[in-house]
Amino acid sequence: MNFSSNTKPLNRRWMTSFRKDKKMDDYVLVGEPLMAWFASRAEWKKLGVRCTAIECISILRHAKNKKKLFVVIRGKGGEFSNFAEALGELLFLTDRLSDADIVGIAFPAEMKPLVVNQAQNMPANWKRLAAHFRCQHVFFVHDSDNVENIGWNAILKEKA
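Nothing here was measured: the structure is a model prediction, and the numbers come from that model.

A. Local environment of the packing of aromatic side chains. Applying the stated criterion across every chain, the model contains five aromatic pairs. With a centroid separation of 6.4 Å and 25° between ring planes, the pair formed by Phe107 and Phe140 is classed as stacked. In this pair, Phe107 is assigned in strand β4 (residues 102–108) and Phe140 in strand β5 (residues 135–141), connecting sequence segments 33 residues apart. For Phe140, a relative accessible area of 0% translates into the label buried. Consider the rings of Trp126 and Trp152, whose centres lie 4.0 Å apart with planes at 10°: the pair is stacked. Of this pair, Trp126 sits in helix α5 (residues 123–133) while Trp152 sits in the segment after β6 (147–151); the two residues are 26 residues apart in sequence, bridging distant segments of the chain. Residue class for Trp126 comes out buried when judged on its relative accessible area of 1%. Joined through ring pairs, the aromatic side chains of Trp37, Phe38 and Phe139 make up one cluster.

Structure follows, in structure tokens:
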């Protein structure tokens, strides 16, 4: 059977949100300043970065312990889907982690009110993410390469 003659082209607006170029832009704008911030503290050492069409993840190893930190990097955009996609990536990612590994999410600083608001709207689920999926950090990257590191459950006490 040949379906190509009856198939409509994919919606280009939908496809742009899943382009690898977009994820690389997210890494350049949010991930690189975050990695520079980690390097200045020397607690975590960068092992690698994986940017696919679906996700952009930085992998770091602790300087003294054998544990790894996986950080899902999200770019600019204040829409709810950006936050929801980040949580979806966390759930997908943590299937592949060992018990010693931990997880975090990095957002641009302008996403902080949205993230805090959404987390406070679902406190029980937010705490479950920490318990079952080893989520421990939320990073907000400012334009000045300053990074705000907030503990996962501490987000629930932040002011939106």
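B. α5, seen in detail. Of all the residues in α5, the buried ones are Trp126, Leu129 and Ala130. What you see down the axis of α5 is that its buried residues fit within an arc of 95°, all on one side. Along α5, the residues that are exposed and aim more than 90 degrees away from the buried face are Ala131 and His132. Positive phi appears at Arg134, one or two residues downstream of α5, with a value of about 55°.

C. Fine view of the pattern of salt bridges. In this structure the tally under the stated criterion is three salt bridges. Put simply, Arg74 and Glu89 hold a salt bridge, and the shortest N to O gap is 2.6 Å. Pair noted here: Arg74 is in the loop between β3 (68–73) and α3 (80–94) and Glu89 is in helix α3, with a separation of 15 residues, a long-range link. Grouping residues by exposure puts Arg74 and Glu89 together as buried. With a closest N to O distance of 3.1 Å, Lys112 and Glu158 form a salt bridge. With Lys112 in helix α4 (residues 112–121) and Glu158 in the segment after β6, the pair connects residues that are 46 residues apart, well separated along the chain. Look at Glu158 and you get partly exposed, because its relative accessible area is 26%. One salt-bridge network, held together by shared partners, links Lys112, Glu148 and Glu158.

Reading the values: the criteria
Residues numbered from 1 in each chain as written. Predicted model: local features only at pLDDT ≥ 70, side-chain atom pairs only at ≥ 80, totals over all residues. Heavy atoms only, no water. Phe/Tyr/Trp six-rings, centres within 6.5 Å; stacked < 30°, edge-to-face > 60°. Helix = DSSP H or I, 4+ residues; strand = E, 2+ residues; numbered from the N terminus. Buried < 20%, exposed > 50% of the residue type's maximum accessible area, 1.4 Å probe, protein only. Arc of directions from axis to C-beta. Salt bridge = Lys/Arg side-chain N within 4 Å of Asp/Glu carboxyl O.

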